[in-house]
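# Descriptive structure summary
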Amino acid sequence: MNGSLTILILVSYFLVLILISKITSKNSDNESFFNGKRQSPWPVVAFGMIGASLSGVTFISVPGWVNTSQFSYFQMVLGYLLGYGVIATILLPLYYRLNLNSIYTYLEGRFGIWSYKTGAFYFLISRTIGAAFRLYLIANVLQIMVFDSLNIPFAFTVALTISLIWIYTHQAGIQTIVWTDTLQTFFMITAVLCSFYYVANVLNWTINEAINQITTSDYSKIFFLENVSSSKFFPKQFITGAFIAIVMTGLDQDMMQKNLSCKSLKDAQKNMFWFSLVLVLVNLLFLGLGALLYIYASKFNISSTGDDLFAAVAMHDQMPVVVGILFLLGLIAAAYSSADSALTALTTSFCIDFMNLQKKEK
């Protein structure tokens, strides 16, 4: 896939995001930035949260793990369901009752000012580092695929990436993010589904035949109950998944800000319920694609593994150009859906928790 086509895809993609931003930012103010005036439709929030929770790392890494860990990751994903249940029944009612925009303001009333500021500070640090790592991944892929051939320095690629995110998020914040994340989740899932279809097609399999090949392969083992000391042991993975969901979603301003933009607690709880179910299915899809990619790589003697596997197969000479385009779109969508929401959440936390913006307005 040549550089001109890639740049055209990037430009078109961001023009669509900017158009969405223009539409959603009408009559925007601080309230729309922080909580979308609590008018976000819960089905849109639920679908958009899929992309924000997965990120570009998941898009590349989960299929690449299949070779060494099989489908053991799915044990942790099942644990997410328990964690999301705790969020829906315990944390969301608390946040809505207190009418929070930043979830860390709860700490001030419960434990005092120092606990509050410490919690918000650690969120800023951890989310900045996490978002930077995810952003580095996508910027590095774009650099290798496009900008190196144009002699454009990596620093420019990173600056351009951040600038584009700022352009479509700075005005309406979460009110825009809810809709752009929905679009980006659609692109990501479409990319995975179509990639699955094209890989199976090159292998001369129907979808059903490909699924049968995956389920009968050594890659598809999900439950590991034989060795208690193993890191793959099911109870360990399941409990870990539950705590990861509670910490990474229920105690994270980035993820909870979307939930708090729903019209009511009931809508937020419906959002969490459907989001958790769809997330489980999407992760299973990623694992299935990973198994299929390794089967393909084995047949065509592709040596790439891990994070390099998906890109190597997508760009393989046996694959139609559309697979490379879909891979690029899916990767960008997965990476930016987490990066843009992180930027909005960081802005919200800094303004409310450290600038005391809401208190000044009162």
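Use the structure listed above.
## What about the overall build of the protein chain?
- Counting secondary structure elements, the protein chain contains 15 helices and 0 strands.
- The 362 residues of the protein chain split such that 53% are buried.
- Considering only contacts in the protein chain between residues 6 or more positions apart, those separated by 24 or more positions represent 82%.
- For the protein chain, the exposed surface amounts to about 16100 Å²; the carbon and sulfur share of it is 65%.

## Observations regarding a nonpolar patch on the surface
- On the surface, Ile7, Val11, Leu15 and Leu150 cluster together to form a nonpolar patch covering roughly 320 Å² of accessible area.
- Along the chain, Leu15 turns up in helix α1 (residues 3-24).

## Digging into the layout of surface pockets
- Each pocket or cavity is described by its volume, and for the largest pocket that value is around 610 Å³.
- At the level of elements, α3 (42-69), α4 (73-97), α6 (113-147), α10 (234-250), α11 (253-259) and α12 (265-299) are the ones that each hand at least two residues to the lining of the largest pocket.
- The dominant element in the lining of the largest pocket, judged by the number of residues it contributes, is α3, at 9 residues.
- Each residue belonging to the lining of the largest pocket can be placed in one class, and the counts come to 15 nonpolar, 10 polar and 3 charged.

## Description of the packing of helix α8 (residues 174-202) against α12
- Their axes nearest at 10 Å, the elements α8 and α12 cross at an angle of 30 degrees. Taken as axis vectors, α8 and α12 run roughly parallel relative to one another. For the crossing formed where α8 meets α12, the hand is left-handed. Contacts from Met188, Ile189, Val192, Leu193, Ser195, Phe196, Val199, Ala200 and Val202 of α8 reach α12 at Val282, Leu285, Phe286, Gly288, Leu289, Leu292, Leu293 and Tyr296.
- Across the contact of α8 with α12, the residue classes break down as 15 nonpolar, 2 polar and no charged.

## Some points on the nonpolar core
- Within the largest apolar cluster, 110 residues are counted, with the highest numbers of intra-cluster contacts made by Phe59, Met188, Phe275 and Tyr336.
- Not counting residues up to four positions away in its chain, the partners in contact with Phe59 are Met188, Ala191, Val192, Phe286, Phe310, Phe327, Gly330, Leu331 and Ala334.

## A short note on the pattern of salt bridges
- Summed over all chains, the structure comprises 5 salt bridges.
- Between Glu226 and Lys221 there is a salt bridge, with the nearest N and O atoms lying 3.0 Å from each other.
- A residue is classified by how much of its surface remains accessible, and Lys221, at 32% relative accessible area, is partly exposed.
- Among the charged side chains, a salt-bridge network with shared partners connects Arg127, Asp252, Asp254 and Lys258.

## Focus: the packing of aromatic side chains
- Evaluated as defined, the whole model comprises 19 aromatic pairs.
- Between Phe59 and Phe310, the aromatic rings sit 5.1 Å apart at their centres with planes inclined by 25 degrees, giving stacked as the arrangement. Here the residue Phe59 occupies a position in helix α3, and Phe310 occupies one in helix α13 (residues 309-314), the gap between them amounting to 251 residues.
- Seen in terms of ring centroids, Tyr296 and Phe300 are 4.5 Å apart; in terms of plane orientation they differ by 35 degrees. Their pairing is tilted.
- For Tyr296, a relative accessible area of 0% gives the class buried.
- Grouped by ring-pair contacts, the aromatic residues Tyr13, Phe14, Phe186 and Phe187 constitute a single cluster.
- Taking the ring centre of Tyr96 as reference, the NZ or CZ of Arg38 above it sits at 5.6 Å.
- Over the ring of Phe354 we find Lys117, and its NZ or CZ is 5.4 Å from the ring centre.

## With respect to α8
- Here α8 spans 41 Å end to end across 29 residues, near enough to the 42 Å set by a 1.5 Å rise per residue.
- Following α8 by one or two positions, Asn204 has its phi on the positive side, about 65 degrees.

## Here's the deal with unusual backbone geometry
- With a phi close to 55 degrees, Gln70 is a non-glycine residue in the positive phi region.
- Among the secondary structure elements, Gln70 is positioned in the loop between α3 and α4.
- Notably, Asn301 is not glycine yet its phi reads approximately 55 degrees, a positive angle.
- In this fold, Asn301 is placed in the loop between α12 and α13.

## Points about the packing of helix α9 (residues 207-215) against α12
- Between α9 and α12, the least distance of the axes is 10 Å, while the angle of their chain directions is 90 degrees. Here α9 lies roughly perpendicular to α12, going by the angle between them. Seen from α9, the contacting residues are Ala210, Gln213 and Ile214; seen from α12, they are Gly288, Ala291, Leu292 and Ile295.
- Counted by class, the contact of α9 with α12 contains 5 nonpolar, 2 polar and no charged residues.

About the cut-offs
- Residues numbered from 1 in each chain as written.
- Predicted model: local features only at pLDDT ≥ 70, side-chain atom pairs only at ≥ 80, totals over all residues.
- Heavy atoms only, no water.
- Helix = DSSP H or I, 4+ residues; strand = E, 2+ residues; numbered from the N terminus.
- Buried < 20%, exposed > 50% of the residue type's maximum accessible area, 1.4 Å probe, protein only.
- Contact = heavy atoms within 4.5 Å.
- Areas by Shrake-Rupley, 256 points an atom, 1.4 Å probe, with all protein chains shown as cover.
- Patch = residues over 30% accessible without salt bridge, like charges linked within 9 Å, V, L, I, M, F, W, Y side chains within 5 Å.
- Salt bridge = Lys/Arg side-chain N within 4 Å of Asp/Glu carboxyl O.
- 1 Å grid on protein atoms, 1.4 Å probe; cavity = no way out; pocket = protein on both sides within 12 Å on 5 of 7 lines; lining within 4 Å.
- Points joined across faces, edges and corners; volume = space filled by probe spheres on them.
- Nonpolar A, V, L, I, M, F, W, Y, C, P; charged D, E, K, R; others polar.
- Axes fitted to C-alpha atoms, helices over the stretch in contact; angles between N-to-C directions.
- Parallel < 35°, antiparallel > 145°, perpendicular 65-115°, else oblique.
- Left-handed = near helix turned anticlockwise from the far one by under 90°.
- Core = buried A, V, L, I, M, F, W, Y, C linked by side-chain atoms within 4.5 Å.
- Phe/Tyr/Trp six-rings, centres within 6.5 Å; stacked < 30°, edge-to-face > 60°.
- Lys NZ or Arg CZ within 6 Å of the ring centre and 35° of its normal.
- Expected span 1.5 Å × (residues − 1).

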